[in-house]
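# Chain and residue survey
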Amino acid sequence: MSISVATADNLKAAGVIEPRDLAKIATSFNYSDSYVGSPIYTLRGVGFSDISLGGRPTVSIYVDEAPIPFAIETRGAGLDLERVEILKGPQGTLFGQNATGGAINYIAAKPTRSFEAGLDASYGRFDRWELGGYVSGPLSDTLSARIAVEHRDMGPWQRSYTSGATNGREDFTNGRFSLLFDPTTSFRANLTVSGFIDKSDVQ
């Protein structure tokens, strides 16, 4: 089986933020945008060009082995990761339906036994700024928690000379909260709540 694996450090060095950026580290992966903003993913040329928001993909994306059913919902998958696995070719045996072209498995960073925290910030053209961070640590001897948030904002990169209308503004907020219950060496339970709010312009 052909699998490409990238750690969080690899993804950061390559500038991979969203699933669309995985083409930087996997040449067989391709991303395109439909005119309604719904992404179309292909692996090794296998994909399904469906522009509907409720269209089922042929390259499935998972976060901690839980499937994200619609491609439009995958924008927040790249937050605070441990690694990402790109499985090429049909994955029906391991990952069920909608994995004819392959599967992409995001593994989120888990709560830690000791206190950890981190912060990232950047600023670029079109007044683009990004701010994100995480806090992780124990709540008790058997319970640990981790919270990660990010916000990306950018001004419009396109403006009409006649009407003054603008296009391309980005306003994206993403978050994930995880609880890890680890009472014994033979039992572990992990609860994760994720969500994002996207108020960006549709191209």
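This structure is a prediction, so every number in the text was calculated from the model and none was measured.

### What about the overall build of the protein?
- Across its full length, the protein carries two helices and 15 strands.
- Each of the three principal axes of the protein carries a C-alpha extent, and together these read 65 × 40 × 30 Å.
- Long-range pairs, those at least 24 residues apart, make up 53% of the contacts in the protein with a sequence separation of at least 6.
- When the accessible surface of the protein is summed, it comes to about 11300 Å², and 57% of that surface belongs to carbon and sulfur atoms.
- Side chains of the protein give 19 positive and 23 negative charges; the mean places of these two sets differ by 3 Å.

### Considerations on a nonpolar patch on the surface
- On the surface, F115, V135, I147, V149, F177, L191 and V193 cluster together into a nonpolar patch covering about 650 Å² of accessible area.
- Put simply, the parts of the chain that give the nonpolar patch at least two residues each are β11 (143-154) and β15 (187-198).
- On the secondary structure map, V135 appears in strand β10 (residues 128-138).
- Judged by relative accessible area, which is 40%, V135 ranks as partly exposed.

### Topic: the pattern of salt bridges
- All told, the structure shown has 18 salt bridges when counted by the stated rule.
- The partner of K12 in a salt bridge is D120, with the nearest N and O atoms 3.4 Å apart. Of this pair, K12 sits in helix α1 (residues 8-14) while D120 is found in strand β9 (residues 116-124), placing the two residues 108 residues apart along the sequence.
- The class of K12 is exposed, set by a relative accessible area of 59%.
- The class of D120 is partly exposed, set by a relative accessible area of 44%.
- In this structure, D171 and R169 form a salt bridge, with 3.6 Å as the shortest nitrogen-oxygen distance.
- Look at R169 and you get partly exposed, because its relative accessible area is 34%.
- Through salt bridges with shared partners, a single ionic network connects E18, R20, R75, R128, E130, E150, R152, E170 and D198.

### Structural notes on the side chain of S136
- With respect to the helices and strands, S136 occurs in strand β10.
- A relative accessible area of 2% places S136 in the buried class.
- A distance of 2.8 Å separates a polar atom in the side chain of S136 from a polar atom in the side chain of T112.
- Once residues lying within four places of it in the same chain are set aside, the contact partners of S136 are K110, P111, T112, S114, F115, E116, A145 and R146.

### Overview of the nonpolar core
- In this structure, L11, L22, F29, Y41, V84, I104 and Y106 are the most contacted members of the largest nonpolar core, which totals 20 residues.
- For this core, the secondary structure elements donating two or more residues are β2 (29-33), β3 (39-43), β5 (59-63), β7 (81-88) and β8 (102-108).
- Sequence-distant contacts of L22, that is, excluding residues within four places in its chain, are made with L11, V16, F29, V84, I86, I104 and Y106.
- Ranked by size, the runner-up nonpolar core spans five residues in total, among them Y62, L87, A99 and A103.

The rules behind each value
Residues numbered from 1 in each chain as written. Predicted model: local features only at pLDDT ≥ 70, side-chain atom pairs only at ≥ 80, totals over all residues. Heavy atoms only, no water. Helix = DSSP H or I, 4+ residues; strand = E, 2+ residues; numbered from the N terminus. Contact = heavy atoms within 4.5 Å. Areas by Shrake-Rupley, 256 points an atom, 1.4 Å probe, with all protein chains shown as cover. Lys, Arg positive; Asp, Glu negative; His and termini not counted. Charge placed at Lys NZ, Arg CZ, Asp CG, Glu CD. Patch = residues over 30% accessible without salt bridge, like charges linked within 9 Å, V, L, I, M, F, W, Y side chains within 5 Å. Salt bridge = Lys/Arg side-chain N within 4 Å of Asp/Glu carboxyl O. Buried < 20%, exposed > 50% of the residue type's maximum accessible area, 1.4 Å probe, protein only. Polar contact = N/O pair within 3.5 Å; in protein donor to acceptor, adjacent residues only side chain to side chain. Core = buried A, V, L, I, M, F, W, Y, C linked by side-chain atoms within 4.5 Å.

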